[in-house]
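A look at the structure
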Amino acid sequence: CATTAADLADSTGKMREAAQELAALEAKVGGAASRMQAAADLYQPMMGAAGDPVAADLFQSAKVYAGELEKAAAEAKKAGAGMTELEAAAGALKGKDFSKSEDTRSAEATISDMGEATTAAVASAEGLEKLAEKSVPELDAVNASKLYYPAMYF
């Protein structure tokens, strides 16, 4: 009872951090999915019309992978919405008298739910991070020329 308010604030803070990380990764992976889908939509018909079925098939594979990215991003967004609801529930408990068993039970249930949501968000963020590493390369634009040989290289 004595630490319920502090536990509630601590759980809310941890969940908020996890939600922010998850939202950033969701935006990164969701954006990659949209760009990948748009590029494949543009180039697949071109390659098919040009008589290159192998390239057209690769763009179809890109569309499938973009769909996997979109699904993962949508799941992360759904988890984020659940955390927003839990944060609102925690906000409604601020200022309550936790010496009353009814308020304490409600706060402890919310803390438990926030702990589960935080754990799920961290796991989801790890999965999104792996997808982002595969799908969104971090390019060093300053030293990009080091990746190539000059045209007159002998």
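Here, the structure is the one placed above.
An account of the accompanying structure is given in this report. (Residues numbered from 1 in each chain as written. Predicted model: local features only at pLDDT ≥ 70, side-chain atom pairs only at ≥ 80, totals over all residues. Heavy atoms only, no water.)

1. Topic: the nonpolar core
For soluble globular proteins, nonpolar side chains are generally found buried alongside one another. If you look at the biggest cluster of nonpolar residues, it comprises 25 residues, and the most contacted ones within it are L8, M15, L22, V29, M83, M114 and L128. When contributions to this core are tallied by element, the ones reaching two or more residues are helix 1 (4-49), helix 2 (53-93) and helix 3 (101-135). Considering each element in turn, this core owes the most residues, nine residues, to helix 2. The residues contacting L128, other than those within four sequence positions of it, are L22, L25, E26, V29, A72, A73 and A76. (Core = buried A, V, L, I, M, F, W, Y, C linked by side-chain atoms within 4.5 Å. Buried < 20%, exposed > 50% of the residue type's maximum accessible area, 1.4 Å probe, protein only. Helix = DSSP H or I, 4+ residues; strand = E, 2+ residues; numbered from the N terminus. Contact = heavy atoms within 4.5 Å.)

2. Considerations on helix 2
For helix 2, which comprises 41 residues, the first-to-last C-alpha distance of 60 Å matches the rise-based estimate of 60 Å (1.5 Å per residue) to within 8%. At the exit of helix 2 stands G95, carrying a positive phi of roughly 85 degrees. (Expected span 1.5 Å × (residues − 1).)

3. Focus on the pattern of salt bridges
According to the stated counting rule, one finds three salt bridges in the structure shown. With a shortest N-O distance of 2.7 Å, R16 and E87 are connected by a salt bridge. Highlighted residues: R16 in helix 1 and E87 in helix 2, separated in sequence by 71 residues. Overall, the relative accessible area of 28% leaves E87 in the partly exposed class. K63 is the partner of D41 in a salt bridge, and the nearest nitrogen-oxygen pair spans 3.3 Å. Here D41 is found in helix 1, whereas its partner K63 is found in helix 2, with 22 residues between them in sequence. (Salt bridge = Lys/Arg side-chain N within 4 Å of Asp/Glu carboxyl O.)

4. Concerning the packing of helix 1 against helix 3
At a minimum axis separation of 8 Å, helix 1 and helix 3 run at an interaxial angle of 25 degrees. Taken as axis vectors, helix 1 and helix 3 run roughly parallel relative to one another. Judged by the sense of rotation from one axis to the other, the crossing of helix 1 with helix 3 is left-handed. Classifying every residue of the contact of helix 1 with helix 3 by side-chain character gives 15 nonpolar, seven polar and six charged. (Axes fitted to C-alpha atoms, helices over the stretch in contact; angles between N-to-C directions. Parallel < 35°, antiparallel > 145°, perpendicular 65-115°, else oblique. Left-handed = near helix turned anticlockwise from the far one by under 90°. Nonpolar A, V, L, I, M, F, W, Y, C, P; charged D, E, K, R; others polar.)

5. A closer look at a negative patch on the surface
A cluster of acidic side chains, namely E21, E126, E129 and E133, defines a negative patch on the protein surface. Of the residues forming the negative patch, the biggest block, three residues, is contributed by helix 3. Here E133 shows up in helix 3. (Patch = residues over 30% accessible without salt bridge, like charges linked within 9 Å, V, L, I, M, F, W, Y side chains within 5 Å. Areas by Shrake-Rupley, 256 points an atom, 1.4 Å probe, with all protein chains shown as cover. Lys, Arg positive; Asp, Glu negative; His and termini not counted. Charge placed at Lys NZ, Arg CZ, Asp CG, Glu CD.)

6. Things to note about the layout of surface pockets
The computed volume of the largest pocket comes to approximately 180 Å³. Secondary structure elements with two or more residues in the lining of the largest pocket: helix 1 and helix 2. A breakdown of the residues in the lining of the largest pocket according to their chemical character gives seven nonpolar, three polar and four charged. (1 Å grid on protein atoms, 1.4 Å probe; cavity = no way out; pocket = protein on both sides within 12 Å on 5 of 7 lines; lining within 4 Å. Points joined across faces, edges and corners; volume = space filled by probe spheres on them.)

7. Quick word on the environment of L8
Within the element layout of this structure, L8 appears in helix 1. A relative accessible area of 4% means that L8 is categorised as buried. Expressed as a C-alpha distance, the spacing of L8 and G95, which sit 87 residues apart in the sequence, is 11 Å. With sequence-adjacent residues up to four places away left out, L8 is seen in contact with A90, L93, F98, A107, T110, I111 and M114.

8. Remarks on the environment of G13
Tracing the backbone shows G13 in helix 1. In this structure G13 comes out as partly exposed when scored by relative accessible area, which is 21%. Considered as a pair, G13 and A81 are 68 residues apart in the sequence and their alpha carbons are 16 Å apart.

9. As for the environment of G48
With respect to the helices, strands and loops of the structure, G48 is situated in helix 1. The exposure class of G48 is partly exposed, given its relative accessible area of 44%.

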